Amino acid sequence: TVHSFQEHFDSKIDREVSIEPRDWMPDDYRKTLIRQISQHAHSEIIGMLPEGNWITRAPSLRRKAVLLAKVQDEAGHGLYLYSAAETLGITRDQMYDQLHSGKAKYSSIFNYPTLSWADMGAIGWLVDGAAIMNQVPLCRTSYGPYARAMVRVCKEESFHQRQGFEIMLSLSRGTEAQRKMAQEAFDRWWWPSLMMFGPPDAESPNTEQSVRWRIKRFTNDELRQKFVDVTTEQAKVLGLEMPDKDIKWNEERGHYDFGKIDWNEFWNVVKGNGPCNKQRIDARRNAWENGQWVRDAALAHAAKRKARTGE
Ligand code: ACO
């Protein structure tokens, strides 16, 4: 009966036994996972665009090779995540359709423009830094295929964060113009990076249930605080100024206090009105449409082969 299925499921969650594709699971658990994993996959794929913008303009062959590898990694992350979502009963075509029609959400952060080379540093340091903070705990998320995908994703993500920090370090130790460029990128990416963790817990409709199901292992505010604490120390190493005048160590809490986040800006971007939302979706749609002939050719080839060999 559903009752005993439910008990079995609950007991697995309590004992930290992972839930696998063929196991019984509550409909809402499945729906929440499809929502989160598909949004995560879309974020990886859309996330290739802001950095892809700088591949042809990287300042050296070494920087170019590293950036290319990084952007390719993001494509790989998107593909593992689409595969993980498919195990829950949604097809890739359905997910692409949700993305291309503008129905799907993806991370707000990728709707901001990349204006200078220093943005490649700031994105690696802050955006990938925030992504790791959020994703390392997801290696222990309750759904097996998602957790296993995260293990590899996090290894690569950690390389991305280091390459970004290293760009920032070079710039901050470089000429005055380079140091300024690094500071300016830091100023622009700081607040949007804090928004990546999602709305405050009190306004996050999904957190409570997702934490209970052990899909999320920490709340949005908990992860955001960890990120502020770690990044503020890293900014000191870079010798850059925090873009927040209110940032201050709080001895009692053992954490940094920080300024107010502009949640209007966040919701505006999530609703599709950020600086680059339209450009990002257009780029994906064009890539999909322009690739139609490749899909047609692959299908035609497979059909001919089948007719010839019966395979
Ligand atoms: N950008 C866009 N939408 C967001 C963001 C964000 N930064 N944060 C939250 N939202 C959306 C949620 O998707 C949710 O929308 P929905 O209910 O219509 O699906 C709504 O705002 C309310 O938020 P929450 O209730 O807090 O949603 P949730 O519990 O899913 O938490 C979070 C959001 C923290 C992003 C979670 O989904 C998560 O951990 N996802 C996996 C990591 C991820 O997707 N990272 C992508 C960026 S990192 C990268 O790609 C390099």
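Labelled according to an unreviewed UniProt entry, the protein appears under the name 1,2-phenylacetyl-CoA epoxidase subunit A, originating from Nemorincola caseinilytica.

Novice: Can you break down the overall build of the protein residue by residue, with the values?
Specialist: Summing up its helical and strand segments, the protein has 13 helices and two strands in all. Here the protein has a C-alpha radius of gyration of 21 Å; the compact-globule value for 311 residues is 19 Å, and the two agree. Seen along its three principal axes, the alpha-carbon backbone of the protein occupies a region of about 65 × 50 × 30 Å. Within the protein, buried positions represent 48% of all 311 residues. Long-range pairs, those at least 24 residues apart, make up 76% of the contacts in the protein between residues at least 6 apart in sequence. Accessible surface, the protein: about 16000 Å² in total, of which carbon and sulfur atoms supply 55%.

Novice: Mind laying out the environment of Ala85, listing which residues take part and the relevant values?
Specialist: Here Ala85 is to be found in helix H4 (residues 61-86). C-alpha separation for the pair Ala85 and Val228, spaced 143 residues apart in sequence, amounts to 31 Å. Apart from residues lying up to four places away in sequence, Ala85 is in contact with Ile37, Ile90 and Met95.

Novice: Break down the packing of H4 against helix H7 (residues 144-172) for me, with residues and values.
Specialist: Where H4 contacts H7, the two axes come as close as 10 Å, and the packing angle between them is 160°. Taken together, H4 and H7 sit at an angle that is classed as roughly antiparallel. The chirality of how H4 crosses H7 is left-handed. Grouping the constituent residues of the contact of H4 with H7 by class yields 11 nonpolar, four polar and nine charged.

Novice: An account of the site of the ligand is requested, with residue identities and associated values reported.
Specialist: Around the ligand, the structure places 30 residues, and the nearest of them are Gln39, Lys105, Ser108, Ser204 and Lys216. Separating an oxygen atom of the ligand from a side-chain N or O atom of Arg35 is a distance of 3.0 Å. A distance of 2.9 Å separates an oxygen atom of the ligand from a polar atom in the side chain of Asn206. For the ligand, whose unbound accessible area comes to 960 Å², protein coverage reaches 90%. Every element with two or more residues in the shell around the ligand is listed here: helix H2 (27-46), helix H6 (118-135) and helix H11 (263-273). Its residues assigned to classes, the shell around the ligand comprises 13 nonpolar, 13 polar and four charged.

Novice: Lay out H4 in plain terms, naming residues and giving numbers.
Specialist: With 26 residues, H4 extends 38 Å from end C-alpha to end C-alpha; this agrees with the ideal 38 Å at 1.5 Å per step. Considered for burial, the residues of H4 that qualify are Arg63, Leu67, Lys70, Val71, Asp73, Glu74, His77, Gly78, Leu81, Tyr82, Ala84 and Ala85. Of the surrounding elements, those touching the buried residues of H4 are H2, helix H3 (48-52), helix H5 (92-100), H6 and H7.

Novice: Go over the pattern of salt bridges, please, and point to the residues and values.
Specialist: Per the counting criterion, the structure on display carries 22 salt bridges. In this structure, Asp257 and Arg253 form a salt bridge, with 2.7 Å as the shortest nitrogen-oxygen distance. Judged by its relative accessible area of 27%, Asp257 falls in the partly exposed class. When salt bridges that share partners are traced, they join Glu51, Lys70, Glu74 and Asp128 into one network.

Novice: Kindly report on the environment of Arg173, identifying the contributing residues and their values.
Specialist: Residue placement: Arg173 occurs in the loop between H7 and helix H8 (176-195). A relative accessible area of 64% means that Arg173 is categorised as exposed. Sequence-wise, Arg173 and Ala75 are 98 residues apart; in three dimensions their C-alpha atoms are separated by 32 Å.

Novice: Could you give me a rundown of the packing of H7 against helix H10 (residues 220-238), with the residues and numbers involved?
Specialist: In contact at an axis separation of 9 Å, H7 and H10 are set at 35° when each is read in the N-to-C sense. In this structure, H7 contributes Gln161, Phe165, Met168, Leu169 and Ser172 to the contact, and H10 contributes Gln234, Val237 and Leu238. Looking at the contact of H7 with H10 residue by residue, the classes come out as five nonpolar, three polar and no charged.

Novice: An account of the packing of aromatic side chains is needed here, citing residue identities and associated values.
Specialist: On inspection of all chains with the given rule, the structure shows 16 aromatic pairs. Residues Phe5 and Trp24 carry aromatic rings whose centres are separated by 5.9 Å and whose planes lie at 15° to one another, so their mutual orientation is stacked. Of this pair, Phe5 sits in helix H1 (residues 2-14) while Trp24 sits in the loop between H1 and H2; the two residues are 19 residues apart in sequence, bridging distant segments of the chain. In this structure Trp24 comes out as partly exposed when scored by relative accessible area, which is 29%. Measuring from ring centre to ring centre gives 5.0 Å for Trp249 and Tyr256, while their planes differ by 75°; the resulting arrangement is edge-to-face. On the basis of relative accessibility, which here comes to 8%, the residue Tyr256 falls in the buried class. Ring pairing ties together the aromatic residues Trp125, Phe165, Phe186, Trp190, Phe197 and Phe227, which thus form one cluster. The ring centre of Trp54 lies 3.9 Å from the NZ or CZ of Arg57, which sits over that ring.

Calculation criteria
- In this numbering scheme, every chain counts its residues from 1 along its sequence in written order.
- Selection of residues for local features in this predicted model requires a pLDDT of at least 70, selection of side-chain atom pairs for listing and counting requires 80 or more, and totals for whole chains, interfaces and linings are taken over all residues.
- Side-chain measures here rest on the full set of heavy atoms in the structure, leaving out hydrogens and waters.
- Numbering goes from the N terminus for both helices and strands, where a helix is a DSSP run of H or I of at least four residues and a strand is a run of E of at least two.
- With C-alpha atoms as the basis for the radius of gyration, the globule rule is written as 2.2 Å multiplied by the number of residues raised to the power 0.38.
- Only protein chains enter the accessibility calculation, which uses a 1.4 Å probe; a residue is then buried when its area is under 20% of its type maximum, exposed when over 50%, and partly exposed in between.
- Only heavy atoms matter for contacts: two residues are in contact if any of them lie within 4.5 Å across the pair.
- The Shrake-Rupley method, run with a 1.4 Å probe sphere, supplies the accessible areas, and residue values consider only the shown protein chains as cover.
- Axis lines are fitted to C-alpha atoms, over the contacting stretch for helices. Their N-to-C directions set the angle, which ranges from 0 to 180 degrees.
- Convention used here: angles under 35 degrees read as roughly parallel, angles over 145 as roughly antiparallel, angles from 65 to 115 as roughly perpendicular, and any remaining angle as oblique.
- Throughout, a crossing is termed right-handed when the near helix is turned clockwise from the far one, and left-handed when it is turned anticlockwise from it by less than a right angle.
- The residue classification treats Ala, Val, Leu, Ile, Met, Phe, Trp, Tyr, Cys and Pro as nonpolar and Asp, Glu, Lys and Arg as charged. All others, Gly included, are polar.
- When at least one non-hydrogen atom of a residue lies within 4 Å of a molecule or strand, that residue is treated as near it.
- Polar contacts here mean pairs of N or O atoms no more than 3.5 Å apart (in protein, one a potential hydrogen donor and the other a potential acceptor; neighbouring residues in sequence count only if both atoms are side-chain atoms).
- The span you would expect from a helix comes to 1.5 Å times its residue count less one.
- One speaks of a salt bridge when a side-chain nitrogen belonging to Lys or Arg is within 4 Å of a carboxyl oxygen belonging to Asp or Glu.
- Two aromatic rings from Phe, Tyr or Trp, using only the six-membered ring of Trp, form a pair when their centres are within 6.5 Å; if the ring planes differ by under 30 degrees the pair is stacked, by over 60 it is edge-to-face, and anything between is tilted.
- Two limits define a charge over a ring: the Lys NZ or Arg CZ must be within 6 Å of the ring centre, and within 35 degrees of the ring normal.

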